[in-house]
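Chain and residue survey
Residue strings, one per chain:
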Amino acid sequence: MVETAADRARTGAATFFHVHLVSDATGETLTAVLKAAISQFRNVNAIEHIFALVRSPQQLDRALVEIEASPGLVMYTLMKPDLRRRLEVACSQLQIPAIPVLDPALSAFTSFLGLEQTQRSGAQHALDDEYFRRIEALDYTLAHDDGQLGWDLDVADVVLLGPSRTSKTPTCMYLANRGVRAANIPLVPGAELPAQLFEAQRPLVVGLYASPARLLQIRKSRIDNLGASSATEYLSEEAVRREVLDAKRLYERNGWPAIDVSRRSVEETAASILTELSARRNATGADA
């Protein structure tokens, strides 16, 4: 009797399967969709085969050889009709599914807008204004990490505040990759915040905090990894509790939105900030 994926799931055994990601661009879209889909299944692991920048029959041939050697799901984003057709026919002959990931969205856009698609490969990665905007945002964010260069905060789109270990830097980097100029300032007991923060009119100021228990857990782990002494206020339960309380009071006093990052991923925190930023821009008509 052949054991199926459902049988393995019932016994708690891990399921491995091949996924071929065929893209005429970088493949980032396919990777993101695969990650989102596979997260909905327990004990399932994808063996990824990535074929990026597939824009000629010869490049597609190399992908087809590996697909035939290791059959599995095929996910693709190909704009050229001839390449799409060749891939679909090959997958049909191998009796494996081929999923055109962008097709539902593109069909809906075409119907809604009443416009034809350009069918440009990798159009989202062109060296356009949006690309250079992301580079500028990354430069700004790196230069304004951890309270650096506080004199030009009014240039920022977002300024994040928070006690140590509230994921300010990774959240800022995520935002920068979305073209958002993000600065972050640590809340250090006894240290004053820069006056420019309170004078800035342009940026959205967001306060991050976490539960004292969560902060202590993260800080202890970091101290252990560094091999440093743990006998500091940094790891004092009472001191950490006071830090969190003071941070929340600061945010409330200034009318700054606050986000509890105790059980949030960086992506989730950034998504909340982007939602808040979008609503603010729509309400004020501010530039992007």
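So, a few notes on the structure that sits alongside this text. Predicted, not measured: the structure shown is a model, and the values here were computed from it.

1. Points about the pattern of salt bridges
According to the stated counting rule, one finds eleven salt bridges in the structure shown. Arg 181 is the salt-bridge partner of Glu 136, the closest N and O atoms lying 3.8 Å from each other. Note that Glu 136 is positioned in helix H6 (residues 129-143) and Arg 181 in the loop between helix H7 (168-176) and strand E6 (182-186), a separation of 45 residues in sequence. For Arg 181, a relative accessible area of 14% gives the class buried. When the shortest N-O distance is used, the salt bridge between Asp 157 and Arg 281 registers 3.3 Å. Of this pair, Asp 157 sits in the loop between H6 and strand E5 (158-162) while Arg 281 sits in helix H11 (residues 266-284), and the two are 124 residues apart along the sequence. In terms of burial, Asp 157 and Arg 281 fall into one category: buried. Through salt bridges with shared partners, one network takes in Glu 136, Asp 157, Arg 181, Arg 202 and Arg 281.

2. Considerations on the sheet that holds strand E1 (residues 15-23)
With parallel pairing, four strands are arranged side by side in an open sheet as E2-E1-E3-E4. At either end of the open sheet lies a strand with only one pairing partner, and these are strand E2 (44-51) and strand E4 (98-100). Recorded for the sheet is a direction-independent mean angle of 25° between the axes of neighbouring strands. Relative to strand E3 (residues 73-77), E1 is paired through five bridges, and the arrangement is parallel. Bridge pairing links Leu 21 to Met 75 in E3.

Rules of the game
Residues numbered from 1 in each chain as written. Predicted model: local features only at pLDDT ≥ 70, side-chain atom pairs only at ≥ 80, totals over all residues. Heavy atoms only, no water. Salt bridge = Lys/Arg side-chain N within 4 Å of Asp/Glu carboxyl O. Helix = DSSP H or I, 4+ residues; strand = E, 2+ residues; numbered from the N terminus. Buried < 20%, exposed > 50% of the residue type's maximum accessible area, 1.4 Å probe, protein only. Pairing = 2+ DSSP bridges. Axes fitted to C-alpha atoms, helices over the stretch in contact; angles between N-to-C directions.

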